[in-house]
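So you can see what is in the structure, the chains are spelled out below.
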Amino acid sequence: MAVSISHLGYRKLSRVIFEWQAADRASLLALFILLEVSSHWLWCLFVWWRQDIYGSYVNMDVLYPLWIGLTLMVLFFSWMVSRLSPIRKDTDSLYKWQAIIVTLYSLYIAVVILVMGHSSLVAGVSLVGGAMLGMMLIRRRYVWKAFLGHIVLIFLVTLVPYFGLTIPNLRQMTMSSFPLDGYSYLTYSEMTSIENAISASIFKNGILSWETFNQLRLSSAFFWRTTHIYMALPKAIFIIYMFRTLLLILDNSKAEIMQYANQDELTQLKSRRYGLTQMQQALLAMGDKQDFSVILLDLDWFKNINDNYGHDVGDQVLSEVAQTLLKSLSEESIVSRYGGEEFLIVLPDTQHDSAMTIAKQLRQDIAQHVIKSDDGTDFNITASIGVYTLTHEERARIQSEYRALALEESTQPLAETQKSRRQEADINKARTDKASTNKASTQKESSQKTRAQKRISHRRKRAATEILKAQLPSDICQRLICIADKALYEAKDRGRNQVVSANYMLAAEKDKIAVLYAIS
């Protein structure tokens with residue numbers, strides 16, 4: 001599409017980088033360049049119109065060629081704004097025109113650096129701001145090469161005057177108090193220092209009157225400062241605005257990505273992966289005397305709901321059940337959609353009796369909730385629930401056994417070291433008996449021995465680290481859910497719409513669930 005000023009609104013501009021095609025972004029860059037060059041063209045017009053006042057501050061011999069070049073640039077980029085959109089499907093032509101845009105704008109910035117001074121505000125904003133804006137809108141490779149070229153140019157501009165060469169300068173000063181050639185090479189800072197001294201001489205007794213203000217307004221220092229503000233400040237503000245918008249886009253995109261990754265789209269609950277992550281973090285953060293409860297909930301006969309009422313009604317059921325769970329549980333609870341019609345509820349610092357009470361209340365709330373479909377059909381649903389509580393005593397026992405098993409595994413590298421030493425002794429003995437062993441073979445065996453020792457040492461260090469860090473098995477969450485799942489299936493076997501405690505089941509079976517926590 002052709003680029004126009006109406007496309008520069010905040011909402012449109014905030015999506016340029018991610019949604020617009022390459023041709024549209026190139027057209028937008030051409031429009032930005034056109035606006036900048038046009039503002040500089042107007043400045044030349046103003047100086048020409050008031051040359052009787054400002055002619056002594058501006059080198060008119062440089063201004064006229066610059067003005068002609070700006071006119072040609074305005075005409076070219078005016079044509080370029082509408083030229084790029086029709087070739088959006090021709091990638092080769094598009095890249096060619098992007099290179100032309102970068103080349104012409106780079107030449108323009110080079111001229112600005114030459115005639116305005118490489119240390120001026122305009123040169124700095126044009127160099128850095130132009131590169132940053134270009135990298136957002138067109139191929140970065142072109143912009144990067146142009147930026148490096150400008151860096152080289154700045155070094156050349158800095159060194160050339162010391163070889164006796166004169167660089168054209170748009171800025172000139174006429175003074176009678178002491179001899180000074182207006183065309184001699186002065187940096188921006190040096191010229192500013194001189195002009196500050198001249199401007200300070202205007203004031204009488206340090207007081208600014210209307211008369212002295214008018215003289216200051218017509219001074220060279222005031223003219224060039226306002227020129228730099230006019231040429232550089234709007235562009236600097238716009239570049240900062242663009243990057244602020246870009247950061248907002250990145251923040252919003254990050255928030256959306258995290259939401260999609262961590263939240264189930266249908267139920268608005270935590271996703272399975274994120275729910276398990278939160279469960280693991282909550283488990284590791286538990287105190288020594290705190291219990292940890294897990295509830296696994298499954299909707300009864302959910303397949304029949306999809307078959308009889310359709311999948312849209314099934315999605316409605318899942319969504320309404322999720323909202324029922326959120327309303328019935330506290331903010332400390334971790335509620336996630338575990339899969340299909342299953343929901344996982346984690347209750348940190350909750351004893352088993354309290355967890356059973358909560359589970360029974362959830363079963364009752366779900367059974368009393370009326371589902372109202374769009375076709376006017378009303379019905380109720382039920383849920384089967386399995387509950388398991390990891391007591392602090394059981395968790396302490398698991399940690400103790402886990403450390404013991406980790407310590408036992410750590411002794412294996414030591415045994416392997418001893419075995420390696422015995423093998424090394426046998427090898428040395430055999431080597432002594434075999435006089436025909438050559439030097440190359442000896443070096444190879446020595447290298448293999450060194451590598452083996454390094455591997456054994458690494459394994460010993462890794463095992464020692466595991467002993468220090470050992471708290472719970474890495475798959476402890478899946479094992480807790482597995483126990484709750486056994487209780488859930490028991491609830492289904494009992495006729496559904498039931499709450500079953502895995503702790504009571506294990507106590508009845510006199511099973512201390514040691515097998516579930518064994519380290520493989």
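In case you missed it, the structure is sitting above this.
Quick summary incoming for the structure in this document. (Residues numbered from 1 in each chain as written. Predicted model: local features only at pLDDT ≥ 70, side-chain atom pairs only at ≥ 80, totals over all residues. Heavy atoms only, no water.)

1. Details of the overall build of the protein chain
Here is the rule we go by: Helix and strand definitions follow DSSP, with helices as H or I runs of at least four residues and strands as E runs of at least two, each counted in order from the N terminus. Exposed residues in this analysis have more than 50% of their type's maximum accessible area, buried residues have under 20%, and partly exposed residues fall in between, with area computed by a 1.4 Å probe over protein chains only. Here, two residues are considered to be in contact whenever any of their heavy atoms come within 4.5 Å of each other.
Within the protein chain, the regular secondary structure consists of 19 helices and seven strands. A buried classification covers 41% of the 520 residues belonging to the protein chain. In the protein chain, 74% of the contacts between residues at least 6 apart in sequence involve partners at least 24 apart.

2. Let's talk about the pairing of strand S1 (residues 292-299)
Here is the rule: A pair of strands is labelled paired if DSSP reports no fewer than 2 bridges between them.
S1 sits mainly inside the fold: eight of its eight residues count as buried. Burial along S1 is two-sided: Phe292, Val294, Leu296 and Asp298 facing one way and Ser293, Ile295, Leu297 and Leu299 facing the other are all buried. Looking at chain direction, S1 and strand S3 (residues 342-348) are connected through seven bridges and run antiparallel. Bridge pairing in S3 links Phe292 to Pro348. Alignment of S1 against strand S6 (residues 383-390), held across eight bridges, turns out to be antiparallel. Bridged to Leu296 within S6 is Gly386.

3. Notes on the packing of helix H14 (residues 311-328) against helix H15 (residues 352-368)
Using the following cut-off: Axis angles are defined between N-to-C directions and span 0 to 180 degrees, where every axis is a line fitted to C-alpha atoms and, for a helix, only to the segment in contact. For this classification, under 35 degrees means roughly parallel, over 145 means roughly antiparallel, 65 to 115 means roughly perpendicular, and everything else is oblique. In this scheme the crossing of two helices becomes right-handed for a clockwise turn of the near helix relative to the far one and left-handed for an anticlockwise turn of less than a right angle. Think of it as three bins: nonpolar holds Ala, Val, Leu, Ile, Met, Phe, Trp, Tyr, Cys and Pro, charged holds Asp, Glu, Lys and Arg, and polar takes everything else, Gly as well.
Interhelical geometry of H14 versus H15 gives an angle of 140° and a closest axis separation of 10 Å. Accordingly, the angle class assigned to the pair H14 and H15 is oblique. The crossing of H14 and H15 is right-handed. Contacts between H14 and H15 involve Val321, Thr324, Leu325 and Ser328 from the first element and Leu362, Asp365 and Ile366 from the second. Among the residues making up the contact of H14 with H15, the classes are represented as four nonpolar, two polar and one charged.

4. Topic: the packing of aromatic side chains
Put simply, the test is: In this analysis, rings of Phe, Tyr and Trp, with Trp reduced to its six-membered ring, are considered paired at centre separations within 6.5 Å, and the interplanar angle assigns stacked below 30 degrees, edge-to-face beyond 60, and tilted for intermediate values.
The full count for this structure, using the stated rule, is 18 aromatic pairs. Between the aromatic rings of Phe76 and Trp79, the centroid separation amounts to 6.1 Å while the plane-to-plane angle is 50°, which identifies the pairing as tilted. Of this pair, Phe76 and Trp79 both sit in helix H5 (residues 60-83), three residues apart, roughly one helical turn. Trp79 gets classed as partly exposed once you look at its relative accessible area, which sits at 40%. Ring pairs connect the aromatic residues Trp43, Phe46, Trp49, Tyr54, Tyr57, Phe223 and Trp224, which therefore count as one cluster.

5. Describing the environment of Met279
One can find Met279 in helix H12 (residues 272-284). As a C-alpha pair, Met279 and Val346 span 67 residues in sequence and 6.6 Å in three-dimensional space. Residues contacting Met279, with those up to four places away along its chain left out, are Phe292, Val294, Ile334, Leu344, Val346, Cys477, Leu480 and Ile481.

6. Overview of the pattern of salt bridges
Which entries qualify depends on this criterion: Salt bridge, as used here: a side-chain nitrogen of Lys or Arg that lies within 4 Å of a carboxyl oxygen of Asp or Glu.
For the structure shown, the criterion picks out nine salt bridges. Close ionic contact of Lys492 with Asp300 constitutes a salt bridge, the shortest N to O distance being 3.9 Å. Residue Lys492 is found in helix H18 (residues 476-493), and its partner Asp300 is found in the loop between S1 and helix H13 (302-309); the two are separated by 192 residues along the sequence. There is no split in this pair, since Lys492 and Asp300 are both buried. Across the salt bridge formed by Asp475 and Arg479, the nearest N and O atoms sit 2.9 Å from each other. Owing to a relative accessible area of 28%, Asp475 belongs among the partly exposed residues under this scheme. For Arg479, a relative accessible area of 14% translates into the label buried. One salt-bridge network, held together by shared partners, links Asp298, Asp300, Lys492 and Arg496.

7. Considering H12
To keep it simple, the criterion reads: Every helix has an expected span of 1.5 Å times one less than the residues it contains. Each direction from the helix axis to a C-beta atom contributes to the arc, which is the arc of those directions.
Relative to the 18 Å expected for 13 residues at 1.5 Å per residue, H12 spans 18 Å between its end C-alpha atoms, a close match to the ideal helical length. By the burial criterion, the buried members of H12 are Gly275, Leu276, Met279, Ala282 and Leu283. Seen along its axis, H12 keeps its buried residues to an arc of 125°; they face one direction.

8. Describing the environment of Ser82
Assignment of secondary structure puts Ser82 in helix H5. The partly exposed category is assigned to Ser82, whose relative accessible area is 45%. In sequence terms Ser82 and Leu31 are 51 residues apart; their C-alpha atoms lie 9.4 Å from each other.

9. A closer look at the packing of helix H3 (residues 22-49) against H5
In helix packing, the relevant descriptors are the interaxial angle and the interaxial distance, both defined with respect to the helix axes. H5 packs onto H3 with a crossing angle of 150° between their chain directions and a minimal axis gap of 9 Å. Relative to H5, H3 is oriented roughly antiparallel. Crossing geometry of H3 relative to H5 is assigned as left-handed.

10. Topic: the sheet that holds S6
Spatially, five strands are ordered S2-S3-S1-S6-S7 in an open sheet, and the strand pairing comes out mixed. With one partner strand each, in any of the chains shown, strand S2 (334-339) and strand S7 (499-501) form the two edges of the open sheet. Going across the sheet, the axis of each strand differs from the next one's by a mean of 20°, ignoring polarity. Sitting on the sheet, H14 touches S1, S2 and S3, and the angle it makes with S3 is about 10°. Along the sheet, H18 makes contact with S1, S2, S3, S6 and S7, crossing S6 at roughly 145°.

11. Structural notes on a negative patch on the surface
What counts is decided by this rule: Like charges are joined within 9 Å and nonpolar side chains (Val, Leu, Ile, Met, Phe, Trp, Tyr) within 5 Å, but only among residues with over 30% relative accessible area and no salt bridge; these make up the patches. Surface accessibility follows the Shrake-Rupley procedure with a 1.4 Å probe radius. Residue values consider only the protein chains on display as shielding. Charged residues are defined narrowly, with Lys and Arg counted positive, Asp and Glu counted negative, and His plus the chain ends left uncounted. By convention, the point assigned to a charge is CZ for Arg, NZ for Lys, CD for Glu and CG for Asp.
A cluster of like negative charges, contributed by Asp312, Asp315, Asp374 and Asp375, occupies part of the molecular surface. Taking the relative accessible area as the measure of exposure, Asp375 reaches 59% and is therefore exposed.

12. Some remarks on unusual backbone geometry
The phi dihedral of Gln268 is positive, around 65°, even though this residue is not glycine. Examined against the element boundaries, Gln268 turns out to sit in the loop between helix H11 (220-262) and H12. Looking at Gln268, the relative accessible area reads 40%, which means it is partly exposed. Phi at Asn497 takes a positive value of approximately 55°, unusual for a residue other than glycine. Mapped onto the elements of the fold, Asn497 is located in the loop between H18 and S7.

13. Focus: the environment of Val387
Mapped onto the fold, Val387 is located in strand S6. The class for Val387 is buried, based on a relative accessible area of 0%. When the C-alpha atoms of Val387 and Val500 are compared, they prove to be 6.3 Å apart, with 113 residues separating the residues in sequence. For Val387, the residues in contact, after removing those within four places along its chain, are Val294, Ile295, His352, Ala355, Met356, Ala359, Ala487, Val499, Val500, Ser501, Ala502 and Asn503.

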